[in-house]
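Residues per chain are reported as follows:
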Amino acid sequence: MLVATVVAGDEADDALPAVRCAAVIERLGGLAARVVDLDLRSPFRGDPAPWARLAESDAVFLPGGRPGDAERIRDLLGVPVLSWRDTAATVLVAQVLTTLTRLGHPPRVARVVIAGAETMPVVEPLLLAAGVRDLTVWNLADAAAFPLRDIAADAHIVLDLDALWPWTGPADLDPVVITARGDHDPLITLPGLLRALAGTPGAQPHITVLHACVLALVMATGADHHLPRIPADELADRTADAATGALRARSRRFDG
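Here is a short report on the structure shown in this document. (Residues numbered from 1 in each chain as written. Predicted model: local features only at pLDDT ≥ 70, side-chain atom pairs only at ≥ 80, totals over all residues. Heavy atoms only, no water.)

## Some points on the packing of helix H1 (residues 18-29) against helix H7 (residues 190-198)
Packing of H1 against H7 leaves a shortest axis separation of 8 Å and a crossing angle of 70°. As the angle between them shows, H1 and H7 are arranged roughly perpendicular. Between H1, through Cys 21, Val 24, Ile 25, Leu 28 and Gly 29, and H7, the contact on the second element is made entirely by Leu 190, Pro 191, Leu 194 and Arg 195. Tallied by class, residues from the contact of H1 with H7 come to seven nonpolar, one polar and one charged. (Axes fitted to C-alpha atoms, helices over the stretch in contact; angles between N-to-C directions. Helix = DSSP H or I, 4+ residues; strand = E, 2+ residues; numbered from the N terminus. Parallel < 35°, antiparallel > 145°, perpendicular 65-115°, else oblique. Contact = heavy atoms within 4.5 Å. Nonpolar A, V, L, I, M, F, W, Y, C, P; charged D, E, K, R; others polar.)

Spelled out as C-alpha cells, the structure:
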C-alpha cells in the first residue's frame with residue numbers, strides 16, 4: 001500500500017489538525033497515513049529519523065507551515081509534497097467559478113480581487129489558469145496608498161484570504177466576498193489529489209494538476225450550490241481521476 005506522511009509541526013503554525021488530515025487520507029484516499037512531528041524551520045537538524053520517514057514516503061502533506069515550506073521539502077527530498085494552501089486554493093477557486101456562474105459573469109470578463117494574496121500565493125496563478133483575466137492582487141502593505149474598499153469598488157468578487165475585507169457601505173454596492181475562513185472544508189480535494197500524487201512517479205502538484213481538481217469540483221457542483229454536495233468517497237474518486245489525468249498529460253507533453 002502507498003504511504004502518505006502528514007507533518008505535524010508547531011501547533012501554532014498548523015492550519016489543520018494533523019490527526020484529522022491523516023484520518024481523511026486513510027478513509028477516502030486509500031493510502032496508509034502516518035503523522036510525523038517535525039520542525040520545518042530547522043531542516044535536518046537534530047533527530048534525522050523524521051526526515052528519513054518523509055524521504056521514504058510516497059507523498060507528504062503539510063497541514064500547516066509557511067508559504068514556501070512545501071517547495072523546500074520537494075527540493076530537499078524529491079518526494080511529492082502537498083500543502084494545505086494547495087488544497088484550500090482548489091476549493092476557493094472552484095467557489096469563485098461557481099459563484100461567477102450564478103452571477104452570470106464568465107471568468108474571462110469578471111473582475112476578481114485577491115485580498116491578502118501573499119498568504120496563499122498559489123491562488124493567483126490558479127485563478128489565471130481558470131480563465132480569470134481581470135485579476136487584482138492586494139496585500140495589507142498596499143492599504144495606505146490603495147485602500148481595499150477603493151480597489152474593490154467595481155469588483156464582482158473579493159477573495160479574502162486573510163480576513164481583511166472592511167466594507168461598510170450600502171449592500172447594493174457590495175461585491176460578493178468569499179473568505180478563506182468560510183464554511184467550506186479545505187480538505188475536500190485532499191484525499192483524491194494526494195492519491196494521484198502518490199501513485200504517479202515524479203509527480204508534483206503543478207498548477208495544471210490543481211486546476212484539474214478545481215474543474216472536478218465545479219463539475220460536481222449543482223446549480224443551487226457553491227461547492228459539491230455529493231458523497232465524499234465519490235468526490236475523492238473524481239478528484240483523483242482528474243489529477244491523475246492531468247499528471248499523465250503533463251508527463252506526455254514533457255516526454256514527447
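## Quick notes on helix H8 (residues 207-219)
With 13 residues, H8 ought to run about 18 Å at 1.5 Å a step, and its terminal C-alpha atoms sit 18 Å apart, in line with that. For H8, every residue scored as buried is listed here: Val 209, Leu 210, His 211, Ala 212, Cys 213, Val 214, Ala 216 and Leu 217. (Expected span 1.5 Å × (residues − 1). Buried < 20%, exposed > 50% of the residue type's maximum accessible area, 1.4 Å probe, protein only.)

## Quick notes on H7
Within an α-helix, residues lying three or four positions from one another point in the same direction, as the helix has 3.6 residues per turn. For H7, the tally of buried residues reaches eight of nine residues, placing the bulk of the element in the interior. Every buried residue belonging to H7 is among Leu 190, Pro 191, Gly 192, Leu 193, Leu 194, Ala 196, Leu 197 and Ala 198, and all of these are buried.

## Some points on the environment of Gly 131
Mapping Gly 131 onto the fold places it in the loop between helix H5 (123-129) and strand S6 (134-138). Considered as a pair, Gly 131 and His 226 are 95 residues apart in the sequence and their alpha carbons are 18 Å apart. Those residues within four positions of Gly 131 in sequence are excluded, and the remaining contacts are Pro 107 and Arg 108.

## Topic: the packing of helix H4 (residues 84-103) against H8
Contact geometry of H4 with H8 gives a least axis separation of 9 Å together with a crossing angle of 45°. Between H4 and H8, the crossing angle belongs to the class labelled oblique. Crossing angle aside, the handedness with which H4 passes H8 is right-handed. Two secondary-structure elements touch here, H4 through Asp 86, Thr 90, Val 91, Val 93, Ala 94, Leu 97 and Thr 98 and H8 through Leu 210, Cys 213, Val 214, Leu 217 and Val 218. (Left-handed = near helix turned anticlockwise from the far one by under 90°.)

## Section: the nonpolar core
Grouped together as the largest cluster of nonpolar side chains are 62 residues, with contacts concentrated most on Ile 25, Phe 61, Met 120, Leu 127 and Leu 194. Counting residues per element, this core draws most heavily on H4, which supplies ten residues. In this structure, Met 120 is in contact with Trp 84, Arg 85, Ala 88, Ala 89, Leu 92 and Leu 161, ignoring residues within four places of it in sequence. Grouped together as the second largest cluster of nonpolar side chains are 13 residues, Leu 40, Leu 54, Ile 73 and Leu 77 included. (Core = buried A, V, L, I, M, F, W, Y, C linked by side-chain atoms within 4.5 Å.)

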